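The lines below spell out each chain.
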Amino acid sequence: MQYRNLGDTGVQVSTLCLGTMMFGGVNNGDRDDCVRIIHTALDSGINFVDTADVYSQGESEEIVGQALKGRRDDVVLATKFQGAMGDERNRRGASRRWIVRSVEDSLRRLGTDHIDLYQLHRPNPDTNIEETLGALDDLVRQGKVLYVGHSAFQASQIVEAQWAARDRGTVRPVCEQLSYSLLVRLPEVDVLPTTLRHHMGVICYSPLAGGWLSGKWRKDAEAPTPSAGRCASGVFNRRYNLDEPANAGKLEAADALASLAEDNGMTLVELAIAFVVNHPAVTSAIIGPRTMEQLTTQVPAADLTLSAEVLDRIDEIVAPGTTPNPFDSAYVNPALQPEALRR
């Protein structure tokens, strides 16, 4: 396992980060099995664990807290806030009111007195970023949070947050968490260069593109059925239905990438993860196993380096800065939605 600085904080994190979205609820409801997966990841050298309050409505955080008993000091622990945690309208968002409540809930579920990295899960257009940073600054001063970050920010939003922190003298975000993979290369255009300029860490989720790069999506094979969690999330058709032209294009690319991996003596899973962690702006790639088998097939990718020839062939299959299905980029600026453009 290799380790890199998280931005310019001086904190060293593993190039693979264990994501825990698949723990609890309809994904993997066997808590003991989830704990074993976490312990195996830590034993492999992973020292970075990422979760969120909304993952199985808090159950993922509880599982992580259970697994880290006696090992908490050896782990850089990250979680997120912003998503809805109930039906009441103020149990969500990026307001000071919700942040001071949500952090206490996460600390309790995680069984810890501090969170190493506390992240705004998505941009919140209805809340002034200065309000959010002011509340997070207070948490840092209180010792409940050590560093702050955000997820799915566009380049302009990253710059706005950095400038707001500088102008108001508050804690600044030290990292961005984004969707980046062989099939989601749009961040290469602007977001990744922006994080480099601001000396930020970058944590990439979904390096396997929601399962498309697992090696199971091949032109000559029956399309696999995504997990119950993905089917229940309401995005199945937009991301997996092969009748959608964008998804048919993903199948073509996934099949070509799988052949490229085989020709170079690696699995597509290894190729996909190695591609992400080899980018100079990337600090760590989040692997989100649901089973022990998935974990053990993903960990070896941490030590792979891709040749220039392989990288050139990847660029021929999926051009730099492009994304076959734009919906996979996770966040689309509301100002670019059709109804907004018609105003």
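The rules behind each value
Residues numbered from 1 in each chain as written. Predicted model: local features only at pLDDT ≥ 70, side-chain atom pairs only at ≥ 80, totals over all residues. Heavy atoms only, no water. Helix = DSSP H or I, 4+ residues; strand = E, 2+ residues; numbered from the N terminus. Buried < 20%, exposed > 50% of the residue type's maximum accessible area, 1.4 Å probe, protein only. Contact = heavy atoms within 4.5 Å. Pairing = 2+ DSSP bridges. 1 Å grid on protein atoms, 1.4 Å probe; cavity = no way out; pocket = protein on both sides within 12 Å on 5 of 7 lines; lining within 4 Å. Points joined across faces, edges and corners; volume = space filled by probe spheres on them. Nonpolar A, V, L, I, M, F, W, Y, C, P; charged D, E, K, R; others polar. Axes fitted to C-alpha atoms, helices over the stretch in contact; angles between N-to-C directions. Parallel < 35°, antiparallel > 145°, perpendicular 65-115°, else oblique. Left-handed = near helix turned anticlockwise from the far one by under 90°. Core = buried A, V, L, I, M, F, W, Y, C linked by side-chain atoms within 4.5 Å. Phe/Tyr/Trp six-rings, centres within 6.5 Å; stacked < 30°, edge-to-face > 60°. Salt bridge = Lys/Arg side-chain N within 4 Å of Asp/Glu carboxyl O.

A.B. asks: What should I look at first to understand the overall build of the chain in this one?
C.D. replies: The secondary structure content of the chain amounts to 13 helices and 10 strands. On the principal axes, the C-alpha backbone points of the chain span a range of 55 × 55 × 40 Å. Taken over 343 residues, the chain has a buried fraction of 54%. Residue pairs at least 24 apart in sequence account for 78% of intrachain contacts in the chain once pairs closer than 6 positions are excluded.

A.B. asks: Hey, could you run me through the pairing of strand 10 (residues 284-287) in this one?
C.D. replies: Neither face of strand 10 is open: one carries Ser284 and Ile286, the other Ala285 and Ile287, and all of them are buried. Of the strand pairs in this sheet, strand 3 (residues 16-19) and strand 10 are connected by three bridges, and their pairing is parallel. Note that in strand 10 the partner of Cys17 across the bridge is Ile286. Relative to strand 10, strand 9 (residues 201-205) is paired through two bridges, and the arrangement is parallel. What sits directly across from Ile203, in strand 10, is Ser284.

A.B. asks: Just checking my understanding: could you explain the layout of surface pockets for this structure?
C.D. replies: If you roll a probe as big as a water molecule over the atoms, it shows you where there is empty space left. Its volume calculated, the second largest pocket comes out at about 180 Å³. For the second largest pocket, the full set of lining residues is Ala94, Leu120, Pro123, Asn124, Pro125, Thr127, Asn128, Ile129, Thr132, Phe153, Gln157 and Glu160. Looking at the lining of the second largest pocket, the elements with two or more residues in it are helix 4 (129-142) and helix 5 (155-168). The residue makeup of the lining of the second largest pocket, split by class, is six nonpolar, five polar and one charged.

A.B. asks: Is there a simple way to think about the packing of helix 4 against helix 5 in this case?
C.D. replies: How two helices pack is summed up by the angle between their axes together with the distance between the axes. Running from N to C, helix 4 and helix 5 cross one another at 60 degrees; their axes reach a closest spacing of 10 Å. One element, helix 4, and the other, helix 5, form an angle in the oblique class. Here the hand of the crossing between helix 4 and helix 5 comes out right-handed. Judged by residue contacts, Ile129, Glu130 and Leu133 of helix 4 engage Glu160, Ala161, Ala164, Ala165 and Arg168 from helix 5. Tallied by class, the residues present in the contact of helix 4 with helix 5 amount to five nonpolar, no polar and three charged.

A.B. asks: Is there a simple way to explain the nonpolar core in this structure?
C.D. replies: Nonpolar side chains in soluble globular proteins tend to end up buried together. Ranked by internal contacts, the top residues of the largest apolar core, which has 84 residues, are Tyr118, Leu213, Leu271 and Ile314. Here the element with the most residues in this core is helix 10 (residues 268-277); it accounts for nine residues. Not counting residues up to four positions away in its chain, the partners in contact with Ile314 are Leu182, Arg185, Leu257, Leu260, Leu271, Phe275 and Leu306. With 12 residues, the next largest nonpolar core counts Leu6, Phe48, Leu117 and Tyr205 among its residues.

A.B. asks: It is not clear to me how the packing of aromatic side chains should be interpreted in this structure. Could you clarify?
C.D. replies: On inspection of all chains with the given rule, the structure shows five aromatic pairs. Look at Trp212 and Trp217: their rings are 3.9 Å apart centre to centre, the planes differ by 25 degrees, and that puts the pair in the stacked class. By relative accessible area, which is 1% here, Trp212 ends up buried. Between the aromatic rings of Trp212 and Tyr240, the centroid separation amounts to 6.2 Å while the plane-to-plane angle is 5 degrees, which identifies the pairing as stacked. Taken together, the residues span a long stretch of sequence, with Trp212 in the loop between strand 9 and helix 7 (228-232) and Tyr240 in helix 8 (residues 236-240) at a distance of 28 residues. Among the aromatic side chains, those forming a connected cluster through ring pairs are Trp212, Trp217 and Tyr240.

A.B. asks: How do you make sense of the packing of helix 9 (residues 245-263) against helix 12 (residues 308-317) when you look at a structure like this?
C.D. replies: At a minimum axis distance of 10 Å, the contact between helix 9 and helix 12 shows a crossing angle of 165 degrees. Classified by the angle their axes make, helix 9 and helix 12 are roughly antiparallel. Regarding helix 9 and helix 12, the two cross each other, and that crossing is right-handed. Residues Ala253, Ala256, Leu257 and Leu260 of helix 9 pack against Val310, Arg313, Ile314 and Ile317 of helix 12. Split into classes, the residues belonging to the contact of helix 9 with helix 12 amount to seven nonpolar, no polar and one charged.

A.B. asks: How should the sheet that holds strand 8 (residues 175-179) be read in this particular structure?
C.D. replies: Across a sheet, paired strands are connected by hydrogen bonds in the backbone, their directions being either parallel or antiparallel. An order of 3-4-5-6-7-8-9-10 is seen for the eight strands of this closed barrel, with the pairing classed as parallel. Pairs of neighbouring strands in the sheet enclose a mean axial angle of 30 degrees, with direction left out of account. Direction of pairing for strand 7 (residues 145-151) relative to strand 8: parallel, over a ladder of three bridges. Its bridge partner being in strand 8, His150 is matched across the sheet by Glu176.

A.B. asks: Please explain the pattern of salt bridges as it appears in this structure.
C.D. replies: Taken as a whole, this structure holds 23 salt bridges when the rule is applied. The salt bridge involving Arg172 is made with Asp8; its shortest N-O contact spans 2.8 Å. With Arg172 in the loop between helix 5 and strand 8 and Asp8 in the loop between strand 1 (3-5) and strand 2 (12-14), this pair connects stretches of sequence that are 164 residues apart. Look at Asp8 and you get partly exposed, because its relative accessible area is 48%. Note that Lys219 and Glu252 form a salt bridge whose closest N and O atoms lie 3.4 Å from each other. Taken together, the positions of Lys219 in the loop between strand 9 and helix 7 and Glu252 in helix 9 put the pair 33 residues apart, joining distant regions of the chain. Assessed through its relative accessible area of 47%, Glu252 is described here as partly exposed.

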